[in-house]
Amino acid sequence: MFYLFKDFTQMKILLNKTSLTKSLRHFSDIGFVPTMGSIHKGHLSLISKSNQTCHKTVVSIFVNPKQFNNKKDFKTYPKNIKKDLKTLSQSKTVDFVYIPKFKDIFINNRKPKIKLINKDKILCAKFRKGHFEGVLDVMNRLTDMVRPTKIFMGNKDFQQFFLIKKHLEKKYNTNVVVCKTIREKNNVALSSRNHLLSKENLILAGKIVRKLINVKKNIKNKKNKNKYLLTVKDGFQKQFKIKIEYLELRDITNLKLSNVINKSRLFVAYYLNGVRLIDNL
Ligand code: AMP
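Residues numbered from 1 in each chain as written. Predicted model: local features only at pLDDT ≥ 70, side-chain atom pairs only at ≥ 80, totals over all residues. Heavy atoms only, no water.

## Examining the overall build of the chain
Which entries qualify depends on this criterion: The secondary structure listing takes helices from DSSP runs of H or I that are at least 4 residues long and strands from runs of E that are at least 2 residues long, numbered from the N terminus. Put simply, the radius of gyration uses C-alpha atoms, and a globule should come to 2.2 Å times the residue count raised to 0.38. Under the scheme applied here, a residue whose accessible area is under 20% of the maximum for its type counts as buried, over 50% as exposed, and between as partly exposed, the area being computed with a 1.4 Å probe on protein chains only.
A tally of helices and strands in the chain yields 10 helices and nine strands. On C-alpha atoms alone, the chain measures out to a radius of gyration of 19 Å, which is about the 19 Å that the 2.2 N^0.38 rule sets for 281 residues. Seen through its C-alpha atoms, the chain measures out along the principal axes to roughly 55 × 40 × 40 Å. Looking at the 281 residues of the chain, the share that counts as buried comes to 52%.

Right, dumping it as structure tokens:
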């Protein structure tokens with residue numbers, strides 16, 4: 001109950017590893033929300049969960065160059081620290097914002113790289129070579145610094161959540177919690193990358209999600225579900241003039257291809273006007 005009386009007027013901004021370590025040393029029940037900034041309501045929902053369940057909430061903002069398999073994608077990734085700090089402060093749910101520099105994360109700390117096994121080289125891992133190795137590397141380092149009781153992650157990036165849970169939960173005795181995807185009114189999942197889309201593209205993305213929701217409903221009656229999805233993929237590419245990397249039904253307990261609806265989700269990644277969007281339904 002004492003969380004109700006927390007004073008958030010003093011959201012602390014930590015700009016290096018030393019100040020992070022100093023500020024967190026007295027706290028044992030820390031909720032951690034790692035982000036790449038361009039804060040939106042999806043991020044705020046994770047922060048709110050952390051605030052409700054943990055004594056202190058730490059949000060990190062770090063656009064990790066090591067997880068970008070495409071230089072242009074890294075360069076154009078939306079950044080707006082000033083606006084982010086205002087949003088986080090106004091939310092009154094954040095105790096600490098950690099904005100490290102590259103050297104705070106990667107220098108003076110030689111950690112063995114976490115490698116993906118072949119079985120995990122599916123979905124985004126198949127199409128973005130080195131991406132999850134970069135994500136796991138930075139999450140390994142951040143978790144080591146923050147030592148959180150809980151890490152809050154979005155369901156939109158389910159494969160990311162799945163791999164972080166698998167590799168870091170036991171290692172750091174933390175609990176990796178998945179939170180529901182927050183969407184625009186037209187059903188498009190909120191994402192920092194949506195800033196790169198035109199209004200027309202956002203409307204089109206809405207149409208695509210709604211069609212996919214219908215596909216998920218229809219799939220129940222199909223004998224070979226993933227074969228059916230190959231035809232859907234073809235049709236969508238032609239109709240919407242988009243490039244779909246994958247459209248697959250997978251079991252959320254192990255991410256294997258699935259032929260049953262139960263405990264499965266429809267995973268999609270596609271390019272809309274050069275912007276890569278992912279979702280699962
Ligand atoms: P990012 O800043 O894109 O790296 O995302 C930081 C965290 O926010 C990740 O755990 C994401 O899964 C989560 N996230 C991103 N978009 C959403 C959303 N629309 N709803 C809920 N969580 C999200």
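Having put the structure on the table, let's press on.
## Topic: the nonpolar core
As a reminder of what qualifies: Remark: nonpolar core denotes a set of buried residues (Ala, Val, Leu, Ile, Met, Phe, Trp, Tyr, Cys) joined through side-chain atoms within 4.5 Å. In this document the domain limits rely on a domain assignment from an automatic tool or a database. In what follows, residue pairs with any heavy atoms lying within 4.5 Å of each other are defined as contacts.
One finds Val 58, Met 139 and Ile 164 to be the most contacted residues of the largest nonpolar core, which totals 40 residues. If you tally residues by element for this core, the top one is helix H7 (residues 131-146), at eight residues. Formed jointly, this core draws a minimum of three residues from each of two domains, domain 1 (2-179) and domain 2 (192-280). If sequence neighbours within four positions are ignored, Val 58 has contacts with Leu 24, Ile 30, Gly 31, Phe 32, Val 33, Phe 96, Tyr 98 and Val 146. By size, the runner-up hydrophobic cluster in this structure holds 24 residues, among which are Leu 229, Phe 236, Ile 242 and Leu 281.

## Re the sheet that holds strand S6 (residues 175-179)
Put simply, the rule reads: Strand pairing requires that DSSP identify at least two bridges connecting the strands. A fitted line through C-alpha atoms represents every axis, and for helices the fit uses only the stretch in contact; the resulting angles, taken between N-to-C directions, go from 0 to 180 degrees.
Spatial ordering of the open sheet is given by S1-S4-S3-S2-S5-S6, a layout of six strands whose pairing is parallel. In the strand order of this sheet, the two ends are held by strand S1 (12-14) and S6, each with one partner. Averaged over all pairs of adjacent strands, the angle between strand axes in this sheet comes to 25 degrees, irrespective of strand direction. Here three bridges tie strand S3 (residues 56-61) to strand S4 (residues 96-98), and the two strands are oriented parallel to one another.

## Description of helix H1 (residues 17-24)
Definition in use: Note: the arc covers the axis-to-C-beta directions of the helix. We call two N or O atoms a polar contact when they sit within 3.5 Å, provided that within protein one can donate a hydrogen and the other can accept it, with sequence-adjacent residues counted only if both atoms are side-chain atoms.
When we look at burial in H1, the residues that qualify are Leu 20, Ser 23 and Leu 24. In a view along the axis of H1, the buried residues occupy a sector of 85 degrees, so they form one face of it. Opposite the buried face of H1, at more than 90 degrees from it, the exposed residues are Thr 18 and Lys 22. Buried residues along H1 sit against S1, strand S2 (30-35), S3, S4 and H7. Its side-chain oxygen 3.2 Å from the backbone nitrogen of Thr 18, Asn 16 forms the N-cap of H1.

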